[in-house]
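Spelled out from the first residue to the last, the chains are:
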Amino acid sequence: MSGVNKNIVILISGSGSNMAAIAEAARTRRWEARLGARVAAVISNKAAAAGLAWAREQGIATAALDHTAFDNREAFDAALMAEIDRHSPALVVLAGFMRILTPGFVQHYEGRMINIHPSLLPAFPGLRTHQRAIEMGCRVAGASVHRVTSELDHGEILEQAVVPVLPGDTAETLAARVLTQEHVIYPRAIEKLLSA
Ligand code: GAR
């Protein structure tokens, strides 16, 4: 990815722990000095998302766009695109952004939008990934960073992490184990893309 001003825009819906891990990596691994890259903005579809307050405290620009205030998906995605494009992003990073995206939105950011999904894709696209992995008797679970395409939770896989499923695991204990690895692989995948 060439260019010196590589703005990263991160979309969240909730706690934003992956977003925080990425922002921390940007700081500690000196992405701005080394790679000309910075986290330019964090945008959420929920004003109350805990991650937004954290980002604001870090001095990162934030915005909240309430999807329920829009008539349909297209209208929301158009407004979201306008908000994202104010920052001329080199990379749009979905970090627990729990919205289905319209084809127009996906197309607009084709080749520069990535997502993290809490399963070993192509297994378990969609929701309730940890519960489904436990119910299927999987011995391992994990997370995948992938490029975003118009098909939900598909697209080229950039990084994966594997964790064991332990006897007695619940969806919550497994999710927590996977999440610690998400915080490792997401910054790593982004740094690789920025360095390419
Ligand atoms: C993460 O586990 C992420 O993989 C998942 O939501 C969580 C967000 O946590 N994403 C999806 O399920 C996307 N379909 P965070 O807000 O603490 O980063």
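Residues numbered from 1 in each chain as written. Predicted model: local features only at pLDDT ≥ 70, side-chain atom pairs only at ≥ 80, totals over all residues. Heavy atoms only, no water.

Q: Which residues make up the site of the ligand, and what values go with them?
A: The local shell around the ligand consists of Ser 15, Gly 16, Ser 17, Asn 18, Gly 96, Met 98, Ile 116, His 117, Pro 118, Leu 179 and Glu 182. Taking Ser 15, its side chain carries an N or O atom lying 2.6 Å from an oxygen atom of the ligand. Here an oxygen atom of the ligand and a backbone polar atom of Asn 18 are 2.9 Å apart. When the ligand sits alone it has 450 Å² of accessible area, and the protein chains cover 83% of it. More than half of the atoms of the ligand fall within 2 Å of the grid points belonging to the largest pocket. Elements with a minimum of two residues in the shell around the ligand: α1 (17–28), β5 (113–117) and α7 (171–195). Looking at side-chain class alone, the shell around the ligand contains four nonpolar, six polar and one charged residues. (Near = heavy atom within 4 Å. Polar contact = N/O pair within 3.5 Å; in protein donor to acceptor, adjacent residues only side chain to side chain. Areas by Shrake-Rupley, 256 points an atom, 1.4 Å probe, with all protein chains shown as cover. 1 Å grid on protein atoms, 1.4 Å probe; cavity = no way out; pocket = protein on both sides within 12 Å on 5 of 7 lines; lining within 4 Å. Sits in = over half its atoms within 2 Å of the grid points. Helix = DSSP H or I, 4+ residues; strand = E, 2+ residues; numbered from the N terminus. Nonpolar A, V, L, I, M, F, W, Y, C, P; charged D, E, K, R; others polar.)

Q: I'd like to hear about the nonpolar core, residue by residue, with values.
A: Of all hydrophobic cores here, the largest spans 36 residues; its most connected members are Ile 8, Ile 10, Trp 31, Val 42, Val 93, Tyr 186 and Ile 190. Setting aside residues no more than four positions away along its own chain, Ile 190 makes contact with Ile 8, Ile 22, Trp 31, Leu 91, Val 93 and Ile 114. One finds Ala 63, Leu 65, Leu 94 and Val 106 within the second-largest nonpolar core, a separate group that totals 19 residues. (Core = buried A, V, L, I, M, F, W, Y, C linked by side-chain atoms within 4.5 Å. Buried < 20%, exposed > 50% of the residue type's maximum accessible area, 1.4 Å probe, protein only. Contact = heavy atoms within 4.5 Å.)

Q: Explain the pairing of strand β4 (residues 89–94) residue by residue, including any values.
A: Judged by how many residues are buried, β4 sits mostly within the fold: six of six residues are covered. Bridge count between β4 and β5: three bridges; the pairing is parallel. Its bridge partner being in β5, Val 92 is matched across the sheet by Met 113. Viewed along the sheet, the connection from β4 through helix α5 (residues 103–108) into β5 turns out right-handed. (Pairing = 2+ DSSP bridges. Right-handed = clockwise from strand over helix to strand, strands pointing away.)

Q: Give me the packing of α1 against α7: which residues, what numbers.
A: Between α1 and α7, the shortest axis-to-axis distance is 9 Å and the interhelical angle comes to 45°. Considering their axes alone, α1 and α7 lie oblique with respect to each other. Note that α1 runs across α7; the crossing there is right-handed. Contacts between α1 and α7 involve Ser 17, Asn 18, Ala 21, Ile 22 and Ala 25 from the first element and Leu 179, Glu 182, His 183, Tyr 186, Pro 187 and Ile 190 from the second. (Axes fitted to C-alpha atoms, helices over the stretch in contact; angles between N-to-C directions. Parallel < 35°, antiparallel > 145°, perpendicular 65-115°, else oblique. Left-handed = near helix turned anticlockwise from the far one by under 90°.)

Q: Outline the pattern of salt bridges, listing residues and values.
A: Evaluated as defined, the whole model comprises nine salt bridges. Ionic pairing is found between Glu 135 and Arg 128, a salt bridge with its closest N-O pair at 3.9 Å. With a relative accessible area of 54%, Glu 135 lands in the exposed category. Using a relative accessible area of 52% as the deciding quantity, one classes Arg 128 as exposed. Lys 192 is the partner of Glu 159 in a salt bridge, and the nearest nitrogen-oxygen pair spans 2.7 Å. Of this pair, Glu 159 sits in strand β7 (residues 157–164) while Lys 192 sits in helix α7; the two residues are 33 residues apart in sequence, bridging distant segments of the chain. (Salt bridge = Lys/Arg side-chain N within 4 Å of Asp/Glu carboxyl O.)

Q: Which residues make up the sheet that holds strand β3 (residues 61–64), and what are the values?
A: Across the sheet, which stays open at both edges, the seven strands sit in the order β3-β2-β1-β4-β5-β6-β7 with mixed pairing between neighbours. Among the strands making up the open sheet, the edge pair consists of β3 and β7. Averaged over all adjacent pairs, the angle separating strand axes in this sheet is 20°, with direction ignored. The pairing of strand β2 (residues 37–44) with β3 spans four bridges and is classified as parallel.

Q: So what about helix α4 (residues 73–85)? Which residues, and what values?
A: Given a rise of 1.5 Å per residue, 13 residues ought to cover 18 Å, and the 18 Å separating the end C-alpha atoms of α4 matches this to within 8%. Taken as a whole, α4 has its buried residues at Phe 76, Asp 77, Leu 80, Met 81, Glu 83 and Ile 84. Projection of α4 onto a plane perpendicular to its axis shows the buried side chains occupying an angular sector of 165°, all on one side. In this structure, the buried side of α4 is in contact with β1 (6–12), β2, β3, β4 and α5. (Expected span 1.5 Å × (residues − 1). Arc of directions from axis to C-beta.)

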